[in-house]
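An overview of the molecular structure
Now for the letters of each chain:
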Amino acid sequence: MYILGLTTLGDSAATLIRDGEVVAAVEEERFSRVKHHSGFPYQAVQYCLDEAGITIAGVGHVGLYWKPWIIRHKVFQALKSLAISREMFAARADRGIAQVSDSYLGMLKLPRLIRERYGPSEFRFHYLEHHLCHAASAFFVSPFETAAIFTMDGTGEETTTMFSHGVGARVRPLKRIKLPHSLGQFYSAVTNFLGFDMFAGDEWKVMGLAAYGQPEYYDFFSRRVLALNGNHDFHVNIRVLDHHLAKRYQFSQEIVETLGPPRSPKEEISTRHQNIAASAQRVLEDAVLHLLEGLHEQTREENLCLAGGVAFNSVMNGRLIEESPFKRVFIQPAAGDAGCSLGAAYLIHHGICKQPRGFQMEHAYLGPSFDSEACAAALKNAGLEFETLADDEMLPRVARMIADGAIVGWFQGRMEFGPRALGNRSFLADPRRPDMRELLNHKVKLREWFRPLAPSMLEEQSSAIFGKPHIDPFMVTVLSVAEEQRDRIPAVVHVDGTARPQTVSRKTNPRYWQLIREFERITAVPMLLNTSFNIQEPIVCRPEDAIKTFRGASFDALVLENHLVMRSQR
Ligand SMILES: [Fe+2]
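What counts and what doesn't
- Residues numbered from 1 in each chain as written.
- Predicted model: local features only at pLDDT ≥ 70, side-chain atom pairs only at ≥ 80, totals over all residues.
- Heavy atoms only, no water.
- Helix = DSSP H or I, 4+ residues; strand = E, 2+ residues; numbered from the N terminus.
- Buried < 20%, exposed > 50% of the residue type's maximum accessible area, 1.4 Å probe, protein only.
- Pairing = 2+ DSSP bridges.
- Core = buried A, V, L, I, M, F, W, Y, C linked by side-chain atoms within 4.5 Å.
- Contact = heavy atoms within 4.5 Å.
- Salt bridge = Lys/Arg side-chain N within 4 Å of Asp/Glu carboxyl O.
- Axes fitted to C-alpha atoms, helices over the stretch in contact; angles between N-to-C directions.

Here we come to unusual backbone geometry. A cis amide bond links Leu179 with the next residue in sequence, Pro180, at an omega value of 5 degrees. Residue placement: Pro180 occurs in the loop between β8 (170–178) and α9 (183–193). In this model, Asn231 sits at a positive phi of 65 degrees, which is unusual for a non-glycine residue. Looking at where Asn231 falls in the secondary structure, it is placed in the loop between β9 (226–229) and β10 (233–236).

Another aspect to go through is the pairing of strand β16 (residues 454–458). Note on strand geometry: in a regular strand, side chains alternate between the two faces of the sheet. Burial runs high along β16: 5 of the 5 residues are buried. Pairing geometry for β16 and strand β20 (residues 527–532), over 4 bridges, is antiparallel. By the bridge assignment for β20, Ser456 is matched with Leu528. Note that β16 and strand β19 (residues 502–504) share 3 bridges and pair parallel. Each residue of the ladder has a partner; that of Leu458, found in β19, is Val504.

Another point: the nonpolar core. Nonpolar side chains tend to gather and get buried jointly when the protein is soluble and globular. Among the nonpolar cores identified, the biggest contains 130 residues, and Val59, Phe150, Leu183 and Phe221 are the most heavily contacted of them. With 12 residues, helix α14 (residues 271–299) is the single largest residue contributor to this core. Look past the residues within four positions of Phe150 in its chain and what remains in contact with it is Thr161, Met162, Phe163, Val288, Leu291, Leu292, Leu295, Leu304, Cys305, Leu306 and Ala307. With 61 residues, the next largest nonpolar core counts Met401, Ile535, Phe555 and Leu564 among its residues.

Let's shift gears to the environment of Glu158. Topologically, Glu158 is positioned in the loop between β6 (146–156) and β7 (159–167). As a C-alpha pair, Glu158 and Val45 span 113 residues in sequence and 27 Å in three-dimensional space.

Right, let's get into the pattern of salt bridges. For the coordinates displayed, the defined rule picks out 27 salt bridges. Taking the shortest distance from any N to any O, the salt bridge between Lys205 and Asp202 comes out at 3.3 Å. An identical accessibility class is assigned to Lys205 and Asp202; each is buried. Linking Asp391 and Arg511 is a salt bridge whose minimum nitrogen-to-oxygen distance equals 3.0 Å. Here the residue Asp391 occupies a position in helix α18 (residues 391–403), and Arg511 occupies one in helix α22 (residues 510–523), the gap between them amounting to 120 residues. A residue is classified by how much of its surface remains accessible, and Arg511, at 15% relative accessible area, is buried. In the salt-bridge network here, residues are joined through shared partners; they are Arg33, Glu537, Arg542, Asp545 and Lys548.

The next thing to look at is the sheet that holds β19. Ordered in space as β13-β22-β21-β14-β15-β20-β16-β19, the 8 strands form an open sheet in which the pairing is mixed. Of all the strands in the sheet, the pair left with one neighbour each is β13 (387–388) and β19. Strand direction decides the pairing type here: strand β14 (residues 408–411) and strand β21 (residues 557–560), joined by 4 bridges, are parallel. Residue pairing across strands places Trp410 opposite Val559, the latter belonging to β21. In the packing of helix α17 (residues 372–381) onto the sheet, the strands contacted are β14, β21 and β22 (563–566), and the crossing angle to β22 comes to about 25 degrees.

Written out as structure tokens, the structure reads:
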């Protein structure tokens, strides 16, 4: 039985599962090359069908991550700001199916449109609650038989935060917090205040900046903007900080009087901006910890599953693993709306088809792959000279190049699902070099100086680096690096002594594991600096994307499967 899950507005994506196993999961942006692609994921769907070797006729169920008839909040929002709605959901994709589905109304026509585009099929179509999809995306693929589930985002329909309880093949919602009380929208408003763009997903920048500041405005935020109350609830005062108005830089008088003027996008970053970021970050973390205490009281579970866009906040994740009452935490790596496509498929598999659990998500390598011949063909097409090497030659050579200071574009196997490159579409560099962060941010990735860079480390060695056991194949948690280790790996340790590691397992990514092992042999450091293989674009998907990026940038070598291209041979 094949089940297709869909996300169609913002971070569009498709996931196909067969008998409860993920066959393929991919974001549309990787094909369209438009970041956070909004519109029907028609290339992603086609790829999923191709990967399974089926047509749409072979799909038994299709699930959408949204119930489009819940529009009370939309009407309210549209009245407040027509322009913003248009901007957010402007059709950026191709004509036809993509255009029609770029609206809530269009979602109602999806079953017909899918058949028109992909051919006849007897599939049953399901509109599914957004936060249930988030919850399913974490719990049903987690290692836990039972767990408390916490989902939080900007909004899904009108729910912004949901408590649920997962038991076996069932997710039971316990509590929904609705608009305008939204942790995601609070953080987005601060993102805009700091001159970044919430529609571009710039919330990462606020989190990175927060480490440089002091929470000087904590009391103001927690008293006047995001207040916690009894009953493990919270309240956002949109008269003080309104997410919609923030988009147009129309901030309330109280905000401007307290925090000063909003930062314009080109303005230098000051201590004040860093302190605002630190304050908002702390308030968010405290709110989530407060809510989790309530969820723990209700469920008495030791396991916690997290999803929803706010669960990308890896600094918050690190703190709640330390301080929340839960003992074990699983975070869906595609925590944002793309992951809802996966959740939708599992919600149908367990909730509607009543199938038992059986799958565990141990890695995120669920996208397209390109074999050695396809990579060689792309290189020849581009007129690039390359060497073809077996791994016993390739891996030591690449490790040596990195140890000697090279930045390598590394492309192998199936592309990652979710926003993190996990060693299959990555830039790799030497974590020991103090100048490497600046070099990568400024010269290669063309982005802000304060963006932290993360390490991929041998799973077996993570205890030594952090001073305690830590396994995270998905790079979703920030934690403190053991003090004696910090000076050895300055390029991947943030200003506050933390890092956001990926632990690499020999079982799930043997070739990447082996490469890191080779680097360790040379340097005695069991990790590589890993940042996503992209420059101001979505992560590269096809060999052609990697080659285009190589040609337009200044990194030293490109590896496509077992082919090596050196910059000097370009
Ligand atoms: Fe969401």
